[in-house]
Amino acid sequence: MQTINEIEHYLNVINGKQLPATQGKQLTSINPANGKVWATIPCSTEEDIDLAIKHAKQAVPAWSQLSAMERAKYLREIALQVEKYGEELAMLETKDNGWVYRETLHGLIPSLVSIWLDAAGAASHVNKGETVQLDEETIGYTLREPLGIVVGILPWNAPLFTFTIKAAYALAAGNAVIIKPSEHASVSSLKYTELLNQILPPGILNVISGDGSTGSYLVGHRDVDRVTLTGSGQTARAITKKLAQSPKPVTFELGGKSPNIVFADADVKKAAEGVTLNGIFTGNAGQICVGGSRILVQKDILPDFLPLMKKSIEESIHFGDPMNLATSMGPIANNVQYKKVCDFIELGKQEGGEVIFGGNYGGESFFDDQADLQKGYWVEPTLLLVKDSSLRICQEEVFGPVSVVLPFDNEEDALRLANDTSFGLGAGIWTNNLGRAHRMMKKIDSGNVWVNTYRRVGPELPFGGFKESGFGKDSLLENTREKACVIHIG
Ligand code: NAD
């Protein structure tokens, strides 16, 4: 990285070397808190991609032939490296996408460390297979092998987290990895790869920045053996089309419109905090795939529950410089998304939604005395009370600090509303009735269900979506292929 006229210039990492894009083209990175360009990233060409694939391919045999224990040792060293450079990585993530520093530093970095350690511990499972006595004289067994080159395509809302779940298990299984971060937030991934390459052999972990066309060329390349995307349904559809020409295993981690359901028998104070602060008005302003953007509240408690939600937002959400440790919610990560979120707020109002909290946007509305932040992409935490689940504001992913509040009558009604969406990523249930919790958990059509808590994810449990929220998991086994072997010894 070089700094020229206060702009930082970041580079691709291919075969352990930091390189600009071959034709020297660059994209800019904007700090969403103030709307200013602060860094450049390479706008990679097909030549850059071919180079990364060539080196990754050359690096695979030696890496995959290491014992699982030797690969695990590298991954443990990486965990230490992430701890060592945690402050710098957290700062870059915050500058790049606005996710508040107190969460990137104290939440994100420790979670990356635990994923690398979990992958190190899981590495030896690659060597485990099944043995089957087929008959008296014939024995069958299975072998797990790495796939080869795994490509990880990242979104802008959580680059380092998605990078890590894609890279850690793929590397543990013996693959080489090429990461393509989002054009809206690549800096942390470029720096991360540079730091990790101080440990890994060259060619095993590469990063190439660029836009959708870079991603498209990469996933369609015949030497790529697996694709894992975290992103939108639109990109998943484009990749599916592309893979029709060059079929390979694919994992899609996509969007959501997750219900967070509050029953009258819940601890309502805890639920009001859970559905607002941790549910949707997160440190990265609701730009979180499992954001509980449909808060379903049992009608009997609605009049008392609305003020409780407002109170918890007023007491705990503090806008401001995302680098300030007192700031609890940041801006929208980029201008494209900012416009989309603002348009959704207007749509929700036009569709008859009653604004019961927030609804304002634009830095000028919030920062009279901080000129620097006025050009940032700021949106107030917004709650819209609606009655009809079929509205677009109830069905489409906003991906911002905006949630609808939908009243329901009873358990059956709650279940109907919870499943009334094409997505199936997360769901929260707030109740003190254990039987109800179990019934709801079984019947809700989503990959993750939390009771009296929300957004509890980590390497201890699988994570993935149902329906249009995707399929597959970034696990160790999905980064392997299984071979059936038969020996006749008669
Ligand atoms: P996006 O789909 O616009 O972009 C994601 C990535 O795909 C970017 O790197 C982009 O350059 C690349 N891309 C675009 N077109 C491509 C193509 N044709 N071929 C290959 N790559 C292409 O998504 P986004 O706006 O960056 O991210 C937001 C979305 O990600 C939301 O829907 C959110 O819910 C989802 N998300 C899901 C999870 C999860 O774990 N399920 C986590 C985080 C974000």
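Calculation notes
- Residues numbered from 1 in each chain as written.
- Predicted model: local features only at pLDDT ≥ 70, side-chain atom pairs only at ≥ 80, totals over all residues.
- Heavy atoms only, no water.
- UniProt positions renumbered as here; feature names shortened; annotations may be inferred.
- Domains from an automatic or database assignment.
- Contact = heavy atoms within 4.5 Å.
- Buried area = accessible area lost by both parts, 1.4 Å probe.
- Pairing = 2+ DSSP bridges.
- Helix = DSSP H or I, 4+ residues; strand = E, 2+ residues; numbered from the N terminus.
- Axes fitted to C-alpha atoms, helices over the stretch in contact; angles between N-to-C directions.
- Core = buried A, V, L, I, M, F, W, Y, C linked by side-chain atoms within 4.5 Å.
- Buried < 20%, exposed > 50% of the residue type's maximum accessible area, 1.4 Å probe, protein only.
- Salt bridge = Lys/Arg side-chain N within 4 Å of Asp/Glu carboxyl O.
- Left-handed = near helix turned anticlockwise from the far one by under 90°.
- Nonpolar A, V, L, I, M, F, W, Y, C, P; charged D, E, K, R; others polar.
- Near = heavy atom within 4 Å.
- Polar contact = N/O pair within 3.5 Å; in protein donor to acceptor, adjacent residues only side chain to side chain.
- Areas by Shrake-Rupley, 256 points an atom, 1.4 Å probe, with all protein chains shown as cover.
- Phe/Tyr/Trp six-rings, centres within 6.5 Å; stacked < 30°, edge-to-face > 60°.
- Lys NZ or Arg CZ within 6 Å of the ring centre and 35° of its normal.
- Arc of directions from axis to C-beta.

- An unreviewed UniProt entry lists the protein chain under the name Aldehyde dehydrogenase, with Cytobacillus kochii as the source organism.
- Per UniProt, the comment on the protein chain under Sequence similarities (unreviewed entry) is "Belongs to the aldehyde dehydrogenase family."

### A short note on the domain arrangement of the protein chain
- According to the domain assignment, the protein chain consists of domain 1 (8–254 + 470–484) and domain 2 (259–451).
- When each unit is reduced to the centre of its C-alpha atoms, the spacing between domain 1 and domain 2 is 31 Å.
- Opposite the 20 residues of domain 1 that make contact, domain 2 presents 27 residues.
- A combined buried area of about 2000 Å² lies between domain 1 and domain 2, and 61% of that area is made up of carbon and sulfur atoms.

### What about the sheet that holds strand β6 (residues 36–42)?
- Taken together, the four strands give an open sheet; going across it, the order is β1-β2-β6-β5, and neighbouring strands pair in mixed fashion. One side of each edge strand has no neighbouring strand; the edge strands of this open sheet are β1 (2–4) and β5 (26–31). Going from strand to strand, the sheet's axes swing by 25° on average, the running direction of each strand aside.
- Pairing of β1 with strand β2 (residues 7–9), which is carried by three bridges, proceeds in the antiparallel orientation. Within β2, the position partnered with T3 by the bridge is E8.
- Across the sheet, helix α6 (residues 187–196) lies against β5 and β6, angled at about 50° from β6, the strand it touches most.

### Details of the nonpolar core
- W116, I178, Y192 and L196 are the most contacted members of the largest nonpolar core, which totals 79 residues.
- In terms of residues, this core owes the most to one element, helix α4 (residues 101–122), which gives eleven residues.
- The contact partners of W116, leaving out residues within four places of it in the chain, are L75, I78, A79, V82, T164, A167, A168, L171, Y192 and L196.

### As for the pattern of salt bridges
- Overall, the coordinates contain 20 salt bridges when judged by the stated rule.
- Between D372 and K36 there is a salt bridge; the shortest N-O distance is 3.0 Å. Of this pair, D372 sits in the loop between α12 (363–366) and β17 (382–385) while K36 sits in strand β6; the two residues are 336 residues apart in sequence, bridging distant segments of the chain.
- A relative accessible area of 42% means that D372 is categorised as partly exposed.
- Of the residues examined, K36 reaches a relative accessible area of 47% and is grouped as partly exposed.
- A salt bridge links E482 to R144; the nearest nitrogen and oxygen atoms lie 3.7 Å apart.

### What about the packing of helix α7 (residues 212–220) against helix α8 (residues 233–243)?
- The geometry of α7 relative to α8 is characterised by a closest axis approach of 9 Å and an angle of 35° between their N-to-C directions. Relative to α8, the crossing made by α7 is right-handed. Contact with α7, carried on its side by S216, V219 and G220, involves I239, K242 and L243 of α8 and no other residues of that element.
- Split by residue class, the contact of α7 with α8 holds three nonpolar, two polar and one charged.

### So, the site of the ligand
- Within the structure, the ligand sits among 28 residues, and K180, E183, S232, T235 and E397 are positioned closest to it.
- Measuring from an oxygen atom of the ligand, one finds a side-chain N or O atom of E183 at 2.6 Å.
- Here an oxygen atom of the ligand and a side-chain polar atom of E397 are 2.6 Å apart.
- In the complex, the protein chains occlude 87% of the 860 Å² of accessible area that the ligand would expose alone.
- Contributing elements (two or more residues each) for the shell around the ligand: α7, β12 (226–230) and α8.

### A word on the packing of aromatic side chains
- Going through the model one piece at a time under the given rule, you end up with 13 aromatic pairs.
- Both rings, one in F319 and one in F367, keep their centres 6.4 Å apart while their planes meet at 35°; by these two values the pair is tilted. Within this pair, whereas F319 is found in the loop between α10 (302–316) and α11 (335–350), its partner F367 is found in the loop between α12 and β17, the two being separated by 48 residues in sequence.
- Taking 5.2 Å as the distance between ring centres and 55° as the angle between the ring planes, the aromatic pair formed by F319 and W378 counts as tilted. Highlighted residues: F319 in the loop between α10 and α11 and W378 in the loop between α12 and β17, separated in sequence by 59 residues.
- Owing to a relative accessible area of 0%, W378 belongs among the buried residues under this scheme.
- One aromatic cluster is present, built from ring pairs that chain together F319, F366, F367 and W378.
- If you follow R436 out to its NZ or CZ, it ends over the ring of F263, 4.4 Å from the centre.

### Notes on helix α15 (residues 434–443)
- Turning to α15, its buried residues are R436, A437 and M440. The buried side chains of α15 occupy one side of the element, clustering within an arc of 100° when seen end-on. For α15, the exposed residues set more than 90 degrees away from the buried face come down to L434 and K442.
- Buried positions along α15 lie against β14 (259–262), α14 (411–418), β20 (426–430) and β21 (448–451).
- N-cap assignment for α15: the residue whose side-chain oxygen lies 3.0 Å from the backbone N of G435 is N433.

### Focus: the side chain of T162
- Mapped onto the fold, T162 is located in helix α5 (residues 159–172).
- You can call T162 buried: its relative accessible area is 5%.
- Once you skip the residues sitting within four places of it in the chain, T162 turns out to touch L154, P155 and T230.

### Looking at the UniProt feature "domain: Aldehyde dehydrogenase" (unreviewed entry) in the protein chain
- The sites that UniProt annotates as "domain: Aldehyde dehydrogenase" (unreviewed entry) are residues 23–477.
- The distance from the first to the last C-alpha atom of residues 23–477 is 38 Å, and the span holds 40% helix and 19% strand.

### Some remarks on the sheet that holds β20
- Pairing is mixed across the open sheet formed by seven strands, whose spatial order is β16-β17-β18-β15-β14-β20-β21. Looking at the sheet topology across the chains shown, the edges are occupied by β16 (354–357) and β21. The average undirected angle you get between the axes of adjacent strands in this sheet is 25°.
- Packed onto the sheet, α10 meets β14, β15 (294–298), β16, β17 and β18 (402–408) and runs at close to 55° relative to β16.

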